[in-house]
Amino acid sequence: MPWLVYVLIAVVLMSFSSLIVKKLMKNVNQLIILFYQCLIAVPLVIIYSYFSSGALITINNYPLILLGVIYVTAIALYYVALSNGPLSKVSPVFNLKMIVTAVLGLIILIEPLTIQLILGLVFGMLGIYLLGGERE
Amino acid sequence: MNWIYYTIVAMIIIGGLLFFIKLLSFNVFPLVLLSYQYIGSLITIFIYLLIRKISFSVNRINLIKIFLSGLLVSTGLSFYYLSISLTSTSRVVPLHNVGVTLLPALLAFIFLKEKITKRVIAGLACSVLCIIFLTI
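Residues numbered from 1 in each chain as written. Chains lettered and ligands numbered in written order. Predicted model: local features only at pLDDT ≥ 70, side-chain atom pairs only at ≥ 80, totals over all residues. Heavy atoms only, no water.

Visitor: Whenever I open this one, a positive patch on the surface confuses me. Can you help?
Guide: A surface patch of like charges, here positive, comprises A:Lys23, A:Lys26, B:Lys65 and B:Lys113. Counting through the fold element by element, A:Lys23 comes out in helix α1 (residues 2-24). For A:Lys23, a relative accessible area of 42% gives the class partly exposed. (Patch = residues over 30% accessible without salt bridge, like charges linked within 9 Å, V, L, I, M, F, W, Y side chains within 5 Å. Areas by Shrake-Rupley, 256 points an atom, 1.4 Å probe, with all protein chains shown as cover. Salt bridge = Lys/Arg side-chain N within 4 Å of Asp/Glu carboxyl O. Lys, Arg positive; Asp, Glu negative; His and termini not counted. Charge placed at Lys NZ, Arg CZ, Asp CG, Glu CD. Helix = DSSP H or I, 4+ residues; strand = E, 2+ residues; numbered from the N terminus. Buried < 20%, exposed > 50% of the residue type's maximum accessible area, 1.4 Å probe, protein only.)

Listed below in structure tokens is the structure:
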């Protein structure tokens, strides 16, 4: 099951990246970290894209660059949070982004409000409270 | 400002972004989308740093660490997007989200010596339950 291997690799790589970033924040501005990460990421992802599918970026889809504006804003805020809070708490709270997606699905797509969804939202809120509410 | 507020805002932005990406269903190969995302991010953060007159200088050792973290996160994200292209999101997303919720916390405990209190364990457990309920 290659997809499973890919997901596990993704989890490990991204988790170690967060660890390195957290350690770096003692000495380096978090936005500088983000800048240089993006600088190395751009050519890497273009190469990965080319070798995995032959697909390359084209000028027709340039409005997609706006996604990057929103994405980097979120990651910058996440890094600011990471510079002030513990990784063991910041990272899990940030990864509860699924709550937002679920709520937007309810409001915009008028998805049904199921028991699972309610329980998911309740546990999500509880998780944020438990992780975010404790004094350091 | 407390880290939790920055994290929640970041979570809302990225959750909303992911929702709208899914909603708009770009007919674009995932890694091409990721390339645009990073290009947009690079341009945005570069302009912001110029406006704020933040120095780009970083010592060589820290620069290597930053590039390493950029390599890890971009490669990790690429593997994640590739895994989604191979199978359904209902398989990949929960596994990925549970992994990036728990593994950074474990790494923080081992390498950063962060305290993992009962409250943090309870918060992590609620986060995992949230992910499971929102994705079943």
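Text resumes after the structure shown.
Visitor: Explain unusual backbone geometry here, please?
Guide: Excluding glycine, residues mostly have negative phi values, and the peptide bonds linking residues are mostly trans. The phi dihedral of A:Ile110 falls on the positive side, at around 50 degrees, and the residue is not glycine. By the element assignment, A:Ile110 lies in the loop between α5 (98-108) and α6 (115-132). The residue B:Lys113 is not glycine, and still its phi comes out positive at about 55 degrees. As for its position among the elements, B:Lys113 is in the loop between α4 (89-111) and α5 (118-135).

Visitor: Quick question: what am I supposed to make of the interface of chain A and chain B here?
Guide: By convention, interface size is frequently given as the accessible area that disappears when the constituent parts associate. On the side of chain B, 100 residues touch chain A, which itself brings 104 residues to the contact. For the pairing of chain A and chain B, the buried interface totals around 9400 Å² over both sides, and the portion due to carbon and sulfur atoms is 83%. Counting across the chain A and chain B interface gives zero salt bridges. Those elements giving two or more residues to the side of chain A that touches chain B turn out to be α1, α2 (30-53), α3 (65-84), α4 (87-94), α5 and α6 of chain A. Counting residues per element, the side of chain A that touches chain B draws most heavily on α1(A), which supplies 20 residues. Counted by class, the side of chain A that touches chain B contains 73 nonpolar, 25 polar and six charged residues. (Contact = heavy atoms within 4.5 Å. Buried area = accessible area lost by both parts, 1.4 Å probe. Nonpolar A, V, L, I, M, F, W, Y, C, P; charged D, E, K, R; others polar.)

Visitor: Help me understand the packing of α6(A) against α5(B), please; the structure alone is not making it clear to me.
Guide: Each pair of packed helices gets described by two things: the angle between the helix axes and the distance between those axes. Contact pair α6(A) / α5(B): the axes reach a minimum separation of 7 Å and the direction vectors enclose 155 degrees. Relative to α5(B), the element α6(A) is oriented roughly antiparallel. When you trace α6(A) past α5(B), the crossing you get is left-handed. In this structure, α6(A) uses A:Gln116, A:Leu117, A:Leu119, A:Gly120, A:Leu121, A:Phe123, A:Gly124, A:Leu126, A:Gly127, A:Tyr129, A:Leu130 and A:Leu131 to contact α5(B), whose residues at the interface are B:Arg119, B:Val120, B:Ala122, B:Gly123, B:Leu124, B:Cys126, B:Ser127, B:Leu129, B:Cys130, B:Phe133 and B:Leu134. (Axes fitted to C-alpha atoms, helices over the stretch in contact; angles between N-to-C directions. Parallel < 35°, antiparallel > 145°, perpendicular 65-115°, else oblique. Left-handed = near helix turned anticlockwise from the far one by under 90°.)

Visitor: Whenever I open this one, the environment of B:Gly40 confuses me. Can you help?
Guide: Along the polypeptide, B:Gly40 turns up in helix α2 (residues 30-51). With sequence-adjacent residues up to four places away left out, B:Gly40 is seen in contact with A:Ile65, A:Gly68 and A:Val69.

Visitor: Sorry if this is basic, but what is going on with the side chain of B:Thr87 here?
Guide: By the secondary structure assignment, B:Thr87 is in the loop between α3 (60-86) and α4. Among the residues examined, B:Thr87 registers a relative accessible area of 16% and is labelled buried. Side-chain polar atoms of B:Thr87 contact the side chain of B:Arg91, separated by 3.2 Å. Those residues in contact with B:Thr87, other than ones at most four positions away along the chain, are A:Trp3 and B:Val92. (Polar contact = N/O pair within 3.5 Å; in protein donor to acceptor, adjacent residues only side chain to side chain.)

Purely geometric stuff here, so don't read any function into it on its own.
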